[in-house]
Amino acid sequence: MVEQVGSPAADDDGAAGRGEAASELLGLAALRPRPQRRRKPERVPARLHQLLAGVQVPAFVEGRAFDVLASNRLAVALSPRLQPGYNRLRSLLLDPEEQAFHQDWTRATEGFIAALRKSIGDDIDNPRFVELVGELALSSERFRTLWARHDVRSLEGGTTTVNHPVVGELRLHRDKLPVDDLLLVLYYADQGSESDEKLRLLASMAQTTPTRTRVGSQTAEGNSRLEPQ
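Keep in mind that what you see is a predicted model, and the values were worked out from it rather than measured.

Participant: I tried to follow the nonpolar core on my own but got confused; where do I start?
Facilitator: As a rule of thumb, soluble globular proteins bury nonpolar side chains together. Leu 89, Leu 93, Leu 116 and Phe 143 are the most contacted members of the largest nonpolar core, which has 22 residues in total. Mapped by element, the contributors of at least two residues to this core are helix H4 (88-94), helix H6 (105-120), helix H7 (127-139) and helix H8 (141-147). Top element by residues in this core is H6. It accounts for 7 residues. What Phe 143 contacts, discounting residues up to four positions off in sequence, is Leu 89, Leu 93, Ile 113, Leu 116, Val 133, Leu 136 and Ala 137. With 16 residues, the next largest nonpolar core counts Val 68, Phe 101, Leu 170 and Leu 172 among its residues.

Participant: It is not clear to me how the packing of H6 against H7 should be interpreted in this structure. Could you clarify?
Facilitator: Helix packing geometry: the angle between the two helix axes and the distance between the axes. Closest axis-to-axis distance for the H6/H7 pair is 11 Å, and the angle between their directions is 155 degrees. With respect to their mutual orientation, H6 and H7 come out roughly antiparallel. H7 is crossed by H6, and the crossing has left-handed handedness. Between H6 and H7, the residues in contact are Leu 116, Ser 119 and Ile 120 and Phe 129, Leu 132 and Val 133, respectively. Grouping the amino acids of the contact of H6 with H7 by side-chain chemistry returns 5 nonpolar, 1 polar and no charged.

Participant: Help me out: how do you make sense of the pairing of strand E2 (residues 68-71) in this one?
Facilitator: Walk down a regular strand and you will see the side chains alternate between the two sheet faces. In this sheet, E2 lies alongside strand E1 (residues 59-62) in antiparallel orientation, the contact comprising 3 bridges. Note on E2: the bridge partner recorded for Phe 60 is Ser 71.

Participant: Please clarify how the pairing of strand E3 (residues 158-164) should be interpreted in this entry.
Facilitator: Two strands pair when backbone bridges link them, and E3 and strand E4 (residues 168-179) are joined in this way by 7 bridges, in the antiparallel orientation. Bridged to Val 162 within E4 is Leu 170. Hairpin geometry of E3 and E4 is characterised by an intervening segment of 3 residues between the two adjacent antiparallel strands.

Participant: Please explain the environment of Leu 202 as it appears in this structure.
Facilitator: Positionally, Leu 202 belongs in helix H9 (residues 194-207). Given the relative accessible area of 1%, Leu 202 is considered buried. Once the C-alpha coordinates of Leu 202 and Ala 75 are considered, the two residues, 127 residues apart in sequence, prove to be 9.5 Å apart. In this structure, Leu 202 is in contact with Leu 74, Ala 77, Leu 78, His 164, Val 167 and Leu 170, ignoring residues within four places of it in sequence.

Participant: Help me understand the sheet that holds E4, please; the structure alone is not making it clear to me.
Facilitator: Sheets are built from strands paired through backbone hydrogen bonds, the pairs being either parallel or antiparallel. Strand order in the open sheet formed by 5 strands is E2-E1-E5-E4-E3, with antiparallel pairing between adjacent strands. The open sheet has two free edges, formed respectively by E2 and E3, since each of these has just one partner strand. Each neighbouring strand pair of the sheet contributes to a mean axis angle of 30 degrees, computed without reference to strand direction. On the sheet, H9 packs against E3, E4 and strand E5 (182-188) and is oriented at approximately 80 degrees with respect to E4.

Participant: Can you walk me through H6 in this structure?
Facilitator: The periodicity of an α-helix, 3.6 residues per turn, causes residues three or four places apart in sequence to face the same way. Look at H6: 22 Å from first C-alpha to last across 16 residues, which is about the 22 Å you get at 1.5 Å a residue. Most of H6 is tucked away: 12 of the 16 residues are buried. All of the buried residues in H6 are Trp 105, Ala 108, Thr 109, Gly 111, Phe 112, Ile 113, Ala 114, Ala 115, Leu 116, Arg 117, Ser 119 and Ile 120. With its phi angle positive at about 55 degrees, Gly 121 sits one or two positions after the end of H6.

Participant: Whenever I open this one, the side chain of Arg 174 confuses me. Can you help?
Facilitator: By the secondary structure assignment, Arg 174 is in strand E4. With no salt bridge to any partner, buried Arg 174 finds its closest opposite charge in Asp 175, at an N-O distance of 7.6 Å. Within the structure, Arg 174 has its side chain in polar contact with the backbone oxygen of Glu 156 (distance 2.9 Å). In this structure Arg 174 touches Glu 156, Gly 157, Gly 158, Thr 160, Val 185, Leu 186 and Tyr 187, once residues within four positions along its chain are discounted.

Participant: What exactly am I supposed to notice about the environment of Leu 52 here?
Facilitator: One can find Leu 52 in helix H2 (residues 46-54). Taking relative accessible area as the criterion, Leu 52 reaches 1% and is therefore assigned buried. In the structure, Leu 52 is positioned 20 residues away from Asn 72 in sequence and 5.4 Å away in space, judged by C-alpha atoms.

Rules used in this analysis
- Residues numbered from 1 in each chain as written.
- Predicted model: local features only at pLDDT ≥ 70, side-chain atom pairs only at ≥ 80, totals over all residues.
- Heavy atoms only, no water.
- Core = buried A, V, L, I, M, F, W, Y, C linked by side-chain atoms within 4.5 Å.
- Buried < 20%, exposed > 50% of the residue type's maximum accessible area, 1.4 Å probe, protein only.
- Helix = DSSP H or I, 4+ residues; strand = E, 2+ residues; numbered from the N terminus.
- Contact = heavy atoms within 4.5 Å.
- Axes fitted to C-alpha atoms, helices over the stretch in contact; angles between N-to-C directions.
- Parallel < 35°, antiparallel > 145°, perpendicular 65-115°, else oblique.
- Left-handed = near helix turned anticlockwise from the far one by under 90°.
- Nonpolar A, V, L, I, M, F, W, Y, C, P; charged D, E, K, R; others polar.
- Pairing = 2+ DSSP bridges.
- Expected span 1.5 Å × (residues − 1).
- Lys, Arg positive; Asp, Glu negative; His and termini not counted.
- Salt bridge = Lys/Arg side-chain N within 4 Å of Asp/Glu carboxyl O.
- Polar contact = N/O pair within 3.5 Å; in protein donor to acceptor, adjacent residues only side chain to side chain.

Below is the structure:
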């Protein structure tokens, strides 16, 4: 179900939900005052950019709040929302194309939101977490419902099925490899399977698709940030 933003009911309920969710984080931070510490920006090391450019499967790097920080061409061919500048949880909840992409959207949202709580941990005064929770609590009823459950668990690797608008259904394995404070995520199919053949087709298509960049921002062949266009 595609969630719409801007209707009167959504505005009233969303404002309340946003306030509750954001207040939860901010309130906990106030109860546990800690010395302010300088947070390092999430930056992708050069070696990961080289790895992304060299692997022959969809791969990307994400931060603690599911911000996509770098990706290769095949990842973007798999889903345009896997390019730097996008947030995976925001796309999952608010983007109709991303919702259609996931065959089991309900299960995906449960996993992502529980994993966000896991990622936050006791870092409840982190501005990025407060910003993301506040935005999604305002914009998504699904987020408000699942956030209120207080589920906490890691989003592990596994096998998932997605619906690609060009090549159709893909059954893919997903592995998540920690690198410093980041995660390298790879999708791949069983060798010789129909999904493997479809990934090869996507790879061929990706070679002829120009990489979108902006001044000061590059893709996996360069830097790590790209704003959605």
